Amino acid sequence: MANFEVMKILFVGDASNMHHCLAQQLRKMGHHAIVASNGSGWMNTSRDIDLRRNPGKIGAVQYVAKLLTNLHKMRGFDIVELSNPIFLQLKPWRIRPIFDYLKKHNGKIVLSALGTDYVYYHACFDGKTYRYSDYMIGNEPSPFYQSKEYEEYEEDNWKADFMKRHSDYVLERIDGVVACLWEYYVAYAPIMGDKVIHAGLPIDVENLTPHFIDEEPEKVRFFIGIQRNRNILKGTDRLLAALENVHREMPDLCDIERVENLPYDEYVRRMNRSHVLLDQLYSYTPATNALLAMAQGLVAVSGAEPEYYDLIGETTNHPIINVRPTPEGDIEEKLRWIVSNKALLPKLSHDSRDFVVKHNAASVVANRYLNFWQSL
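Predicted model, so just to flag it, every value in this text is computed and none were measured.

Let us look at the overall build of the protein chain. Of the regular secondary structure elements, the protein chain holds 15 helices and 14 strands. Computed over C-alpha atoms, the radius of gyration of the protein chain comes to 21 Å, within 12% of the 21 Å expected from 2.2 N^0.38 for 376 residues, which places it in the range of a compact globule. Taken over the C-alpha atoms alone, the protein chain extends approximately 60 × 45 × 40 Å along its principal axes. Relative to its full complement of 376 residues, the protein chain shows a buried share of 57%. The contacts of the protein chain with a sequence gap of at least 6 include a subset with a gap of at least 24, amounting to 68%. Total accessible area computed for the protein chain in this model is approximately 16,300 Å², and 48% of it derives from carbon and sulfur atoms. Side chains of the protein chain give 43 positive and 49 negative charges; the mean places of these two sets differ by 7 Å.

Pairing between side chains becomes possible if they bear opposite charge and their charged atoms approach one another. The final tally for this structure, using the stated rule, is 22 salt bridges. Among the salt bridges present, the one from Glu 206 reaches Lys 28, with a minimum N-O distance of 3.7 Å. Taken together, the positions of Glu 206 in the loop between β9 (196-198) and β10 (220-226) and Lys 28 in helix α1 (residues 18-28) put the pair 178 residues apart, joining distant regions of the chain. Classification of Glu 206 as exposed rests on a relative accessible area of 62%. A salt bridge links Lys 103 to Asp 175, with the shortest nitrogen-to-oxygen separation between them at 3.8 Å. Of this pair, Lys 103 sits in helix α3 (residues 92-105) while Asp 175 is found in the loop between α6 (161-173) and β8 (176-179), placing the two residues 72 residues apart along the sequence. Judged by relative accessible area, which is 31%, Lys 103 ranks as partly exposed.

Summed over all chains, the structure comprises one cavity of 30 Å³ or more. Its boundaries defined by the atoms lining it, the largest cavity holds a volume of some 30 Å³. Per element, the largest residue contribution to the lining of the largest cavity is four residues, and it comes from α1. Partitioned by chemical class, the residues of the lining of the largest cavity number two nonpolar, two polar and two charged.

On to the sheet that holds β10, then. Overall, parallel pairing links the five strands, which are arranged β11-β10-β12-β13-β14 in an open sheet. The open sheet has two free edges, formed respectively by β11 (254-260) and β14 (321-322), since each of these has just one partner strand. Pairing between β10 and strand β12 (residues 276-278): three bridges, direction parallel. Its bridge partner being in β12, Phe 222 is matched across the sheet by Val 276.

As a further point, take the nonpolar core. Core analysis: the biggest nonpolar cluster contains 135 residues, and Leu 88, Leu 102, Phe 222, Leu 335 and Trp 373 have the highest contact counts within it. Apart from the residues within four sequence positions on either side, Leu 102 is in contact with Leu 10, Val 12, Met 74, Val 80, Leu 82, Phe 87 and Ile 109.

Located in the positive-phi region is Ser 16, a residue other than glycine, with phi close to 55°. Structurally, Ser 16 is set in the loop between β1 (8-12) and α1. Since its relative accessible area comes to 31%, Ser 16 is described here as partly exposed. The phi torsion at Asn 17 lies on the positive side, around 70°, for a residue other than glycine. Along the chain, the position of Asn 17 falls in the loop between β1 and α1. What makes Asn 17 buried here is its relative accessible area of 8%.

Between helix α10 (residues 264-271) and helix α11 (residues 288-295), the shortest axis-to-axis distance is 10 Å and the interhelical angle comes to 50°. When the axes of α10 and α11 are compared, the pair comes out oblique. The hand of the α10/α11 crossing is right-handed. Mapping the contact onto sequence places Tyr 264, Tyr 267, Val 268 and Met 271 in α10 and Asn 289, Leu 292 and Ala 293 in α11. Here the contact of α10 with α11 is composed, by residue class, of six nonpolar, one polar and no charged.

Here we come to the sheet that holds strand β5 (residues 108-113). Taking strand neighbours across the sheet as the criterion, the seven strands line up as β3-β2-β1-β4-β5-β8-β9 in an open arrangement whose pairing is parallel. Both outer strands of the open sheet, β3 (49-50) and β9, are each paired with one neighbouring strand and no more. With three bridges connecting them, β8 and β9 associate as parallel partners. When the sheet's bridge partners are listed, Ala 179 is paired in β9 with His 198. Packed on one face of the sheet, helix α7 (residues 182-192) meets β5, β8 and β9 and runs near 160° to β9.

Attention now moves to helix α15 (residues 362-375). The first and last C-alpha atoms of α15 sit 20 Å apart over 14 residues, in line with the 20 Å expected at 1.5 Å per residue. For α15, the full list of buried residues reads Ala 362, Val 365, Ala 366, Asn 367, Tyr 369, Leu 370, Phe 372 and Trp 373.

What follows deals with the environment of Gly 329. Within the element layout of this structure, Gly 329 appears in the loop between β14 and α13 (330-340). Linking Gly 329 and Arg 238, residues 91 residues apart in sequence, is a C-alpha distance of 11 Å.

Thresholds applied
Residues numbered from 1 in each chain as written. Predicted model: local features only at pLDDT ≥ 70, side-chain atom pairs only at ≥ 80, totals over all residues. Heavy atoms only, no water. Helix = DSSP H or I, 4+ residues; strand = E, 2+ residues; numbered from the N terminus. Rg over C-alpha atoms; globule rule 2.2 N^0.38 Å. Buried < 20%, exposed > 50% of the residue type's maximum accessible area, 1.4 Å probe, protein only. Contact = heavy atoms within 4.5 Å. Areas by Shrake-Rupley, 256 points an atom, 1.4 Å probe, with all protein chains shown as cover. Lys, Arg positive; Asp, Glu negative; His and termini not counted. Charge placed at Lys NZ, Arg CZ, Asp CG, Glu CD. Salt bridge = Lys/Arg side-chain N within 4 Å of Asp/Glu carboxyl O. 1 Å grid on protein atoms, 1.4 Å probe; cavity = no way out; pocket = protein on both sides within 12 Å on 5 of 7 lines; lining within 4 Å. Points joined across faces, edges and corners; volume = space filled by probe spheres on them. Nonpolar A, V, L, I, M, F, W, Y, C, P; charged D, E, K, R; others polar. Pairing = 2+ DSSP bridges. Core = buried A, V, L, I, M, F, W, Y, C linked by side-chain atoms within 4.5 Å. Axes fitted to C-alpha atoms, helices over the stretch in contact; angles between N-to-C directions. Parallel < 35°, antiparallel > 145°, perpendicular 65-115°, else oblique. Left-handed = near helix turned anticlockwise from the far one by under 90°. Expected span 1.5 Å × (residues − 1).

This is the structure we're talking about:
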């Protein structure tokens, strides 16, 4: 392991426990790391400074008061890692003075590209960055982009000029970008050049006990988690429909466990009862849910396109069952293959754990961050 100077790192914002996982690992490595976040919303992930916002006007006032009373704890850090240009639950023009404060009173400011933002949003529509995305499939709007869920989800309006101005303001003043997925890396690379790296998602493999599939199961237990307000966005509506069709065809060979909006810790526990996790449909890369499952010996049905394997340099171990939003029938075909070839699940189970340990162990990802931070 490389030797690094002891660093003070502040993470502002979080998504799917990523920053908290990194902070835990950095502390183990002797660094000082603090997370200020809203707990990733309903996931209620751990944080050191609570920035949860309650609904309504009173909640807004309380949120601003909470933020201002905690600002003095957010200075004097070597690195401030932001979860998004919109790293607080405020409008951009209210975020800007907080950004300026963090810039003035700390060392380097780095952006974690780990979710939808202005840069990623517009890459989805440029017709060249992706073959498909959350928003477009080829030249056609995706089911999500045509849905009511899109109208409710895009409350910050990524199309607006004020969002472009805010994104440009932040990107002109930060010191670098760390992308957790291939999708975000290729969106930022044309803009940030050598100031962007791909580091992957950190998974705390040391504290995730594998439950390997040691023999061919009589019935394949499929697990799918639904986020109510992101069901169409993640494609879990189509994954579940395909899974139910396969279950009707092969009821004696497979079962389904379906859960909704569980807190992070309970979600991980419930997942362990199954053999195969279904995650995202419109992704090129396995995200947090898929990697968590794989670290525990489950087989993941998710995104795992050749572009992703090329980026991480993996040429031999490809354990993820890659599903695509097109052509129609691809999902059911892959699910039928799993059930018909369930004798392969024990090998895929062990290969999945090996994959995450090699590419996404929290210590591996943390070292990539440290290398990048200290190069700035």
